[in-house]
Amino acid sequence: MSYLMGIAGHIESSTFGTAVAESRYWWPIIEGTHLLSLTVSFGFILLTDLRLIGVFLRQVPLSDVLRQLRPYVLGGFAVTFLSGGLLFWSEAATVMASPLWTAKILLILLGGLNALYFELVIGRRPEVAHDHAPLPRSVRFAGMASLTIWTTTIVFGRLLAYLPR
Amino acid sequence: MSIDATLVAIQGTGLARAITKSNHMVIAGLQVAHVFGLLLLLAALILITLRLLGWVLLREQLSQVIRTPVRMFWCGLALVLLSGAMMFLSGPKHYFYNRAFEVKMLLLVLAVAAQVPILRRLADDQAILPPVKLAAALSLVLWFGIAVAGRAIGFV
């Protein structure tokens with residue numbers, strides 16, 4: 001861990017990291033971008049989850065909804081990751097000291113694995129790919145898992161600013 | 001009663017005192033609720049606007065597409081207003097004299113005044129004319145402005 005913290009210290013004190021942390025404008029702009037991009041990444045994955053659970057657009061074939069929402073989810077996540085990466089760059093050692101940050105990163109990995117498992121395994125089962133009603137329970141579970149994981153990620157992310165470091 | 005006296009009176013109410021004196025995690029909890037409300041509200045409006053502009057879920061009936069998002073919008077609005085009001089109570093003077101907060105409240109009044117009739121029109125399920133689509137897109141911009149102004153409160 002101390003080795004990792006050493007690296008984090010170097011990242012944070014790099015020219016770019018310091019520039020972002022000390023800039024009057026860049027820090028709020030990047031933080032604002034991170035928040036706004038969440039409305040699309042988190043927002044559209046939430047809508048996707050609600051479809052998997054059977055709340056949103058239940059009458060529309062699952063594969064149809066997934067195909068149409070996927071580009072927004074992925075596009076949103078690209079911006080969220082990029083802005084989040086820049087924020088991390090400027091305060092790597094500070095946030096890494098918080099267990100909340102570690103928990104948040106683990107949740108992001110878990111959320112990514114859950115989505116991959118859905119896309120590569122559950123979503124390719126014939127009854128899911130061809131929209132045979134009723135959909136297997138695993139679809140609902142994947143949706144609920146995703147909803148829980150990403151919601152907790154947001155909670156931890158916001159609390160990072162409040163918990164003692 | 002002058003504005004300052006009003007703000008001080010607000011600060012002295014039981015609820016305001018309770019929030020101010022509470023553990024800082026209560027304020028953190030309000031911040032979490034505020035972000036969630038904002039995400040629900042904006043995600044719903046983005047989906048509705050994209051549908052109106054014909055970018056997503058075009059073959060599905062409008063009333064069907066917007067049913068869940070409209071509920072998300074109202075839940076989100078209730079969450080942001082409630083948590084926001086409680087955060088305001090924790091420091092009425094601090095917020096009232098903040099330029100970003102002033103802009104945010106102005107935009108909020110405009111956005112709510114624009115959004116409610118737009119949603120009502122969409123619920124009618126008649127053909128949606130270009131002016132309504134334009135109004136929906138402009139009001140979405142207002143909501144984004146509210147989010148940006150909100151972030152700015154801590155920086156001005």
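None of these values were measured; they are calculated from a predicted model.

(A) Fine view of the overall build of chain B. For chain B, the count of helices and strands is 7 helices and 0 strands. Helices (α) and strands (β) of chain B occur, in sequence order from the N terminus, as α-α-α-α-α-α-α. Considering only C-alpha atoms, chain B reaches an extent of 55 × 30 × 25 Å along its principal axes. Counting all 156 residues of chain B, 31% fall into the buried class. Expressed as a percentage of contacts within chain B between residues at least 6 apart in sequence, the contacts between residues at least 24 apart total 83%.

(B) Local environment of the overall build of chain A. Scanning chain A from terminus to terminus reveals 7 helices and 0 strands. Beginning at the N terminus, the succession of helices and strands in chain A can be written as α-α-α-α-α-α-α. With the principal axes as the frame, chain A shows a C-alpha extent of 55 × 30 × 25 Å. Classification of the 165 residues of chain A by burial places 33% in the buried group. A sequence separation of at least 24 residues applies to 80% of the contacts in chain A between residues at least 6 apart.

(C) Quick look at the nonpolar core. Residues B:Leu39, B:Leu41, B:Leu42, B:Ala43, B:Ala44 and B:Leu45 are the most contacted members of the largest nonpolar core, which totals 59 residues. Those elements giving two or more residues to this core turn out to be helix 3 (26-53), helix 4 (62-96), helix 5 (99-120) and helix 7 (137-159) of chain A together with helix 3 (24-52), helix 4 (62-89), helix 6 (99-123) and helix 7 (130-152) of chain B. Among the elements that take part in this core, helix 3 of chain B stands out by supplying 15 residues, more than any other. Excluding residues that lie within four positions of it along the chain, B:Leu41 makes contacts with B:Phe73, B:Gly76, B:Leu77, B:Val80 and B:Trp143.

(D) Fine view of the environment of B:Val132. All names here are of chain B. Secondary-structure assignment places Val132 in helix 7. For the pair Val132 and Arg121, spaced 11 residues apart in sequence, the C-alpha to C-alpha distance is 8.2 Å. Setting aside its immediate chain neighbours within four residues, Val132 contacts Ile118 and Arg121.

(E) Local environment of the interface of chain A and chain B. Listed per partner, the contact involves 25 residues of chain A and 23 residues of chain B. Counting residues per element, the ones that place at least two in the side of chain A that touches chain B are helix 3 and helix 7 of chain A. No other element matches helix 3 of chain A, which puts 14 residues into the side of chain A that touches chain B. Among the residues making up the side of chain A that touches chain B, the classes are represented as 18 nonpolar, 5 polar and 2 charged.

(F) Fine view of the packing of helix 2 (residues 15-22) of chain A against helix 4 of chain A. Residue and element names in this part refer to chain A. In the contact formed by helix 2 and helix 4, the axes pass within 8 Å of each other and the chain directions differ by 100°. In terms of orientation, helix 2 lies roughly perpendicular with respect to helix 4. Contacts from Phe16, Gly17, Val20 and Ala21 of helix 2 reach helix 4 at Leu86, Trp89, Ser90 and Glu91. For the contact of helix 2 with helix 4, the per-class residue count stands at 5 nonpolar, 2 polar and 1 charged.

(G) Local environment of unusual backbone geometry. Not every positive phi belongs to a glycine, and A:Leu57 is a case in point at roughly 50°. Along the chain, the position of A:Leu57 falls in the loop between helix 3 and helix 4. We classify A:Leu57 as buried; it has 21 C-beta atoms within 10 Å. One non-glycine residue with positive phi stands out, namely B:Leu57, at about 50°.

(H) Representation of the packing of helix 3 of chain B against helix 4 of chain B within the structure. Residue and element names in this part refer to chain B. Where helix 3 meets helix 4, the closest approach of the two axes is 7 Å, and the angle between their N-to-C directions is 155°. On the basis of their axis angle, the class for helix 3 and helix 4 is roughly antiparallel. As helix 3 runs across helix 4, the sense of the crossing is left-handed. Partitioning the contact of helix 3 with helix 4 into residue classes produces 25 nonpolar, 5 polar and 1 charged.

(I) How the structure looks around the confidence of the model for chain B. All names here are of chain B. When pLDDT is averaged across chain B, the result is 93; 99% of the residues are at 70 or more. By mean pLDDT, the top-scoring element of chain B is helix 4 (96), and the lowest-scoring one is helix 2 (residues 14-21) (87). Predicted complex, confidence summary: ipTM 0.91, pTM 0.93.

(J) Highlighting the environment of A:Pro134. All names here are of chain A. Along the chain, the position of Pro134 falls in the loop between helix 6 (126-129) and helix 7. When the 9 C-beta atoms within 10 Å are taken as the criterion, Pro134 is described as exposed. A sequence separation of 91 residues divides Pro134 from Gly43, and the C-alpha atoms of the two residues are 26 Å apart.

(K) Focus on the environment of A:Leu110. All names here are of chain A. Inspection of the secondary structure puts Leu110 in helix 5. Taking the number of C-beta atoms within 10 Å as the measure of exposure, Leu110 has 17 and is therefore partly exposed. The spacing of Leu110 and Ile122 is 12 residues in sequence and 16 Å in space, taken between C-alpha atoms.

Cut-offs used in this document
- Residues numbered from 1 in each chain as written.
- Chains lettered and ligands numbered in written order.
- Predicted model: local features only at pLDDT ≥ 70, side-chain atom pairs only at ≥ 80, totals over all residues.
- Helix = DSSP H or I, 4+ residues; strand = E, 2+ residues; numbered from the N terminus.
- Buried ≥ 20, exposed ≤ 12 C-beta atoms within 10 Å, placed from the backbone.
- Contact = placed C-beta atoms within 7 Å.
- Core = buried A, V, L, I, M, F, W, Y, C linked by C-beta atoms within 7 Å.
- Nonpolar A, V, L, I, M, F, W, Y, C, P; charged D, E, K, R; others polar.
- Axes fitted to C-alpha atoms, helices over the stretch in contact; angles between N-to-C directions.
- Parallel < 35°, antiparallel > 145°, perpendicular 65-115°, else oblique.
- Left-handed = near helix turned anticlockwise from the far one by under 90°.
- pLDDT = per-residue confidence, 0-100.

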